[in-house]
Amino acid sequence: MKNKQPRKRRATTPKKEVRCTWAESRTFCGPYPKEYKRFYQLETLKSAVEKALIEQDRFVYAGLQTEVGTAPISSCTWDLVYEDAVRLVFLVQVATQTRKRATLRVVVAKNHQECSAKLLREYEMLTLLHQRAPTRVVAPCHHGVVFLPDRHRRRDMNREVFAYMTKDVPGAAPLYVASNTQLAFHDPRPRRFSKKDTDAIKKAMTTLLVALYDEERHHGLDPAALYPECLAVTPTQGASTLVLMHCPRLRKHLSATTLLHHILYGVFKTDDAILPLAPAYPEDFFAALCDGASPETARTWCRAFLAKAGAMEAHAHEELLPGRDYLAVLKELTETVA
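Reading the values: rules and limits
Residues numbered from 1 in each chain as written. Predicted model: local features only at pLDDT ≥ 70, side-chain atom pairs only at ≥ 80, totals over all residues. Heavy atoms only, no water. Helix = DSSP H or I, 4+ residues; strand = E, 2+ residues; numbered from the N terminus. Buried < 20%, exposed > 50% of the residue type's maximum accessible area, 1.4 Å probe, protein only. Contact = heavy atoms within 4.5 Å. Areas by Shrake-Rupley, 256 points an atom, 1.4 Å probe, with all protein chains shown as cover. Pairing = 2+ DSSP bridges. Phe/Tyr/Trp six-rings, centres within 6.5 Å; stacked < 30°, edge-to-face > 60°. Polar contact = N/O pair within 3.5 Å; in protein donor to acceptor, adjacent residues only side chain to side chain. 1 Å grid on protein atoms, 1.4 Å probe; cavity = no way out; pocket = protein on both sides within 12 Å on 5 of 7 lines; lining within 4 Å. Points joined across faces, edges and corners; volume = space filled by probe spheres on them. Nonpolar A, V, L, I, M, F, W, Y, C, P; charged D, E, K, R; others polar. Salt bridge = Lys/Arg side-chain N within 4 Å of Asp/Glu carboxyl O. Axes fitted to C-alpha atoms, helices over the stretch in contact; angles between N-to-C directions. Core = buried A, V, L, I, M, F, W, Y, C linked by side-chain atoms within 4.5 Å.

### Overview of the overall build of the protein chain
Along its length, the protein chain carries 8 helices and 14 strands. Put simply, the protein chain has 338 residues, and 51% of those count as buried. A separation threshold of at least 6 residues defines the contact pool for the protein chain, and within that pool the share at least 24 residues apart is 66%. Of the roughly 18300 Å² of accessible surface on the protein chain, 49% is carried by carbon and sulfur atoms.

### Looking at the pairing of strand 3 (residues 87-96)
Counted residue by residue, strand 3 has 8 buried out of 10 residues, so it is predominantly covered. Note: strand 2 (residues 73-83) against strand 3, 9 bridges, orientation antiparallel. Directly across from tyrosine 82, in strand 3, lies its bridge partner valine 89. Counting the residues that bridge the hairpin from strand 2 to strand 3 gives 3 residues. Bridge count between strand 3 and strand 4 (residues 101-109): 9 bridges; the pairing is antiparallel. Within the sheet, the bridge partner assigned to alanine 95 lies in strand 4 and is arginine 101.

### As for the packing of aromatic side chains
In total, this model carries 8 aromatic pairs according to the counting rule given. Taken together, a centroid distance of 5.3 Å and an interplanar angle of 25 degrees make the contact between tryptophan 22 and tryptophan 78 stacked. Pair noted here: tryptophan 22 is in strand 1 (residues 19-23) and tryptophan 78 is in strand 2, with a separation of 56 residues, a long-range link. Across the pair, tryptophan 78 and tryptophan 22 agree in class, each one buried.

### Structural notes on the side chain of glutamine 182
Structurally, the position occupied by glutamine 182 is in the loop between strand 7 (173-177) and strand 8 (183-185). Overall, glutamine 182 belongs to the buried group, its relative accessible area being 17%. A polar contact is formed between the side chain of glutamine 182 and the backbone oxygen of phenylalanine 193, at a distance of 2.8 Å. Not counting the four nearest positions on each side in its chain, glutamine 182 is found in contact with Val177, Arg192, Phe193, Ser194, Lys195, Thr198 and Leu275.

### Here's the deal with the layout of surface pockets
The volume enclosed by the largest pocket comes to roughly 460 Å³. Lining the largest pocket are 24 residues; nearest its centre among them are Lys34, Tyr176, His186, Glu229 and Thr270. Elements represented by at least two residues in the lining of the largest pocket include exactly strand 2, strand 7 and strand 13 (267-270). In terms of residue class, the lining of the largest pocket is made up of 13 nonpolar, 3 polar and 8 charged.

### Some points on the pattern of salt bridges
Counted according to the given criterion, the structure contains 17 salt bridges. A salt bridge links glutamate 83 to arginine 26, with the nearest nitrogen and oxygen atoms 3.2 Å apart. Separated by 57 residues along the polypeptide, glutamate 83 in strand 2 and arginine 26 in the loop between strand 1 and helix 1 (42-54) bring together distant segments of the chain. Here the salt bridges share partners, and the residues they tie into one network are Arg26, Arg38, Glu83 and Lys110.

### A word on unusual backbone geometry
Of note in this structure, arginine 99 is not a glycine but carries a positive phi near 70 degrees. Structurally, the position occupied by arginine 99 is in the loop between strand 3 and strand 4. Its relative accessible area of 74% is what places arginine 99 among the exposed residues. With phi around 55 degrees, aspartate 271 is a residue other than glycine that occupies positive phi space. Note on placement: aspartate 271 falls in the loop between strand 13 and strand 14 (273-276).

### Notes on the sheet that holds strand 2
Taken in spatial order, the 6 strands line up as 1-2-3-4-6-5 in an open sheet, and their pairing is mixed. With one partner strand each, in any of the chains shown, strand 1 and strand 5 (140-148) form the two edges of the open sheet. When strand polarity is set aside, the average angle formed by the axes of neighbouring strands in this sheet is 25 degrees. Where helix 1 meets the sheet, its contacts fall on strand 1, strand 2, strand 3, strand 4, strand 5 and strand 6 (159-167), and the angle it forms with strand 5 comes to roughly 110 degrees.

### Brief notes about the nonpolar core
Leu175 and Leu244 are the most contacted members of the largest nonpolar core, which totals 71 residues. In contact with leucine 244, other than residues within four places in its own chain, are Leu126, Leu129, Arg136, Val137, Val138, Leu208, Leu212, Leu221, Leu226, Cys230 and Leu231. The next biggest cluster of nonpolar side chains, apart from the first, holds 32 residues, and it includes Val18, Val49, Val106 and Cys141.

### A short note on the environment of valine 92
Tracing the chain through its elements places valine 92 in strand 3. On the accessibility criterion, valine 92 (0% relative accessible area) is buried. Every residue in contact with valine 92, bar those within four places of it in the chain, is listed here: Leu64, Cys76, Thr77, Trp78, Ala102, Thr103, Leu104 and Val106.

Read these as geometric descriptors, not functional statements.
And the structure:
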């Protein structure tokens, strides 16, 4: 009987380790950062990400690799720049062995339950809205889960937290309300926009909301669901770079009349500071509608809104919101502007 020859093992190419560097600059947490509850340790997330990179998983590694081409990733830096009750946001700088580089935003849910569900819906909504207005909405590019093993190796305590990646928006910082006339951007130093620039941002926001509205399906982004940090702007270039970064909710059965109503009588809040959403001047509001839709559409919407404005519900903070004079000028604009 012939002796069996031992099987030759297939040669395998060892997976090269990706060098990971971690930082917590918290650049966009603002001059007065808040403390938020966390459901896992950052060390647990770091270990999970590094393991995913070594194993070349289908989300973390594959997502980053797609953005830098075919050359293997050699290193990446993860910087925690923003945090709220639902998410951790990292700016990730990736480098390959051929020295090609890219920067992405990676948004990670803070737990595997309601936070993951919210971010999954947000990713889907941002994808839809980016298709409607590519220059006004951050570009989502990948999504998946990060596996967080239990520190004590209890299998029933293992978690899969949802995460997604977007293109970077260089220099864009999320907003907050500094006073009832001024916005500010999150920065380690207290830095406010002037009243003039704040109004320009509000005008750009009105245009953005109108551009994202689907009149045929009565479907759009409800201003009442937004908070200031949903929007980011590049401070050095003013309101021209206003971009939607987060999307808590899209609303179905949203009429154009209701959309205008929620812009004109909506507010942003940060702690005790309250800022009206509408531009201070009706001429700017009407011009923003024309920019987001068309002059004819703007006139049609305004006429419908003004016809039932008296039947709309009362509002808090009436002293800060548009009054009868504002609506009277808006009515003139819809009748005289060609």
